[in-house]
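A structural walkthrough
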Amino acid sequence: MRGFRPRSQVGTQQSLHNLLQYRPLTSPLNLKHLSIQHSLLKIDTTTIPHLRNLTSLTLLNVVELDTIQFNSTTGNEVHTNPSLIQSQQHVGSNLSDFWASFSQIGVHLKSIHIDKPVTAFFSYLGTYHGLTTLHISSGHFPSRDASRNTALQLYESAIFTKHSNTLEKLNINAWYDDYWCFCPPAAPAIQKMSRLRVLTICIGRSWGIQPTMNKLFQVLFRIPTIEEIHISSFGSYSNKDEMREAQNTRISKEIMLEVINCKLSADETETKAVPTIFVASPSGITVFRPRPLSAIFTREDRLIYLRDNKEYDYN
């Protein structure tokens, strides 16, 4: 089941319970795929029977039952009405409790897409192995320190140990120029991914674009299964404004220049083919086609610009 946005009564918050509470427990839905947005969540006797066989889960903008929440853009506290929280206790929880419950009931997800990573989520990933797809967005943090600390938990988590032999697609969207971009702690973690095929990663200025890009290629071109690399500047997935767009354009141009200028040793050039490299910018996507490494990383190589599934020369 994808894109679930349950109907709720006026004045109440939609929840997973709205969908499942009328389904007899004697004939559970046995859901394989579930996508939840802007809803309350709770793992209990009403929802557990329907989720035991879940393999794919998307949780975006989940409503948590914290008495104090934070605006992800301003960082300001947003106080929630205590009486409203009390009325929603039976259908909602916070994400830490949600992932702790998932660990207890033994759900082993193969595909995960979330935008609010918490410590309990990383603990959950340590309870099993077999994850193949992970997509994390990083916009919901009350402070820069909280964002940094959670990112460091990511690189030290079971994702890069328990799932290093199964993870095929990794997508990390960074809203800000911080540790969610490709950074020194990310390099040794990603290099452990022996079956990684597709990586989507953001680049920031904090560690210098040129050394960051060089390190990224050093890591990825040593993963034998890598097929696609999707690169963008930080903030490409957050709310847009003219200043942010101009900044993304400048960074994207620097990224493309580094892709073109990248050189590898002669022995690697002769034995390996470069993966397809996608560089996103506000004006579109530039695609560097797979060729021998000596051919693609030259200034004479043609850049392809994609729009509406049509190819154009990029100038």
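Please read all numbers here as calculations on a predicted model, not as lab measurements.

Parameters and conventions
Residues numbered from 1 in each chain as written. Predicted model: local features only at pLDDT ≥ 70, side-chain atom pairs only at ≥ 80, totals over all residues. Heavy atoms only, no water. Helix = DSSP H or I, 4+ residues; strand = E, 2+ residues; numbered from the N terminus. Buried < 20%, exposed > 50% of the residue type's maximum accessible area, 1.4 Å probe, protein only. Contact = heavy atoms within 4.5 Å. Areas by Shrake-Rupley, 256 points an atom, 1.4 Å probe, with all protein chains shown as cover. Arc of directions from axis to C-beta. Polar contact = N/O pair within 3.5 Å; in protein donor to acceptor, adjacent residues only side chain to side chain. Core = buried A, V, L, I, M, F, W, Y, C linked by side-chain atoms within 4.5 Å. Expected span 1.5 Å × (residues − 1). 1 Å grid on protein atoms, 1.4 Å probe; cavity = no way out; pocket = protein on both sides within 12 Å on 5 of 7 lines; lining within 4 Å. Points joined across faces, edges and corners; volume = space filled by probe spheres on them. Salt bridge = Lys/Arg side-chain N within 4 Å of Asp/Glu carboxyl O. Pairing = 2+ DSSP bridges. Right-handed = clockwise from strand over helix to strand, strands pointing away.

Scanning the chain for helices and strands turns up 11 helices and 13 strands. Among the 315 residues that make up the chain, the fraction classed as buried is 48%. Put simply, of all contacts in the chain between residues at least 6 apart along the chain, 63% involve residues at least 24 apart. Accessible surface computed for the chain: about 15,400 Å², of which carbon and sulfur atoms make up 49%.

Before going further, it helps to examine helix 4 (residues 95-105). Inspection of helix 4 places Leu95, Phe98, Trp99, Ser101, Phe102 and Ile105 among the buried residues, and these make up the whole buried set. Seen from one end, helix 4 has its buried residues packed into an arc of 155°, which puts them on one side. For helix 4, the elements touching its buried residues are helix 2 (48-51), strand 2 (56-60), strand 5 (111-114) and helix 5 (119-125). Of the residues flanking the start of helix 4, the one acting as N-cap is Asn94, its side-chain oxygen 3.1 Å from the backbone nitrogen of Ser96. In the stretch just after helix 4, Gly106 is the one whose phi turns positive, near 75°.

Turning our attention to the nonpolar core. Core analysis: the largest hydrophobic core is formed by 77 residues, its most contacted members being Leu59, Trp99, Phe102, Leu109, Ile112, Phe121 and Ile190. When residues in this core are grouped by element, the largest group, 6 residues, is from helix 8 (residues 209-220). Apart from the residues lying within four places of it in its own chain, the contact partners of Ile112 are Leu57, Trp99, Phe121, Tyr124, Leu125, Tyr128, Leu131, Thr133, Leu134 and His135.

Now for unusual backbone geometry. Positive phi, close to 50°, is recorded for Asn30, a residue that is not glycine. Mapping Asn30 onto the fold places it in the loop between helix 1 (16-20) and strand 1 (33-37). Positive phi, normally seen in glycine, also occurs at Asn61, with a value near 55°. Taking the relative accessible area as the measure of exposure, Asn61 reaches 27% and is therefore partly exposed.

This paragraph deals with helix 8. Between its first and last C-alpha, helix 8 extends 16 Å over 12 residues, near the 16 Å set by a 1.5 Å rise per residue. Buried within helix 8 we find Ile209, Thr212, Met213, Leu216, Phe217, Val219 and Leu220. Projected down its long axis, helix 8 shows its buried positions confined to an angular sector of 160°, all on one face.

Attention shifts here to empty space enclosed by the protein. Per the stated rule, a full pass over the model turns up 1 cavity of 30 Å³ or more. Here the largest cavity defines a volume of roughly 40 Å³. What lines the largest cavity is Leu59, Asn61, Val62, Leu95, Trp99, Ile114, Asp115 and Lys116.

Attention now moves to the pattern of salt bridges. Scanning the model with the defined rule gives 5 salt bridges in all. Between Arg197 and Glu168 there is a salt bridge whose closest N-O contact spans 3.4 Å. Here Glu168 lies in the loop between helix 6 (144-155) and strand 7 (169-173) and Arg197 lies in the loop between helix 7 (186-190) and strand 8 (198-203), a separation of 29 residues in the sequence. For Glu227, the salt bridge is made with Arg197, and the minimal N-O distance between the two is 3.2 Å. Placement of the pair is Glu227 in the loop between helix 8 and strand 9 (228-233) and Arg197 in the loop between helix 7 and strand 8, with a sequence separation of 30 residues. In this structure Glu227 comes out as partly exposed when scored by relative accessible area, which is 40%. One network of salt bridges, with partners in common, ties together Glu168, Arg195, Arg197 and Glu227.

Side-chain positions along a regular strand alternate between the two faces of the sheet. In terms of burial, strand 6 (residues 133-137) is a largely internal element, 4 of the 5 residues being buried. One ladder, built from 4 bridges, connects strand 5 with strand 6; its direction is parallel. By the bridge assignment for strand 6, His113 is matched with His135. With helix 6 bridging strand 6 and its parallel neighbour strand 7, the resulting β-α-β unit is right-handed.

Here we come to the side chain of Ser157. Counting through the fold element by element, Ser157 comes out in the loop between helix 6 and strand 7. Residue Ser157 is classed as buried on the basis of its relative accessible area, which comes to 7%. From its side chain, Ser157 meets the backbone oxygen of Leu154 in a polar contact 2.7 Å long.

Only one face of strand 5 is buried, namely the one carrying Ile112 and Ile114, since none of Ser111 and His113 on the opposite face is buried. Bridge count for strand 2 against strand 5 is 4 bridges, and the pairing is parallel. Bridge pairing in strand 5 links Leu57 to Ile112. A crossover links strand 5 with its parallel partner strand 6, the connecting element being helix 5, and its sense is right-handed.

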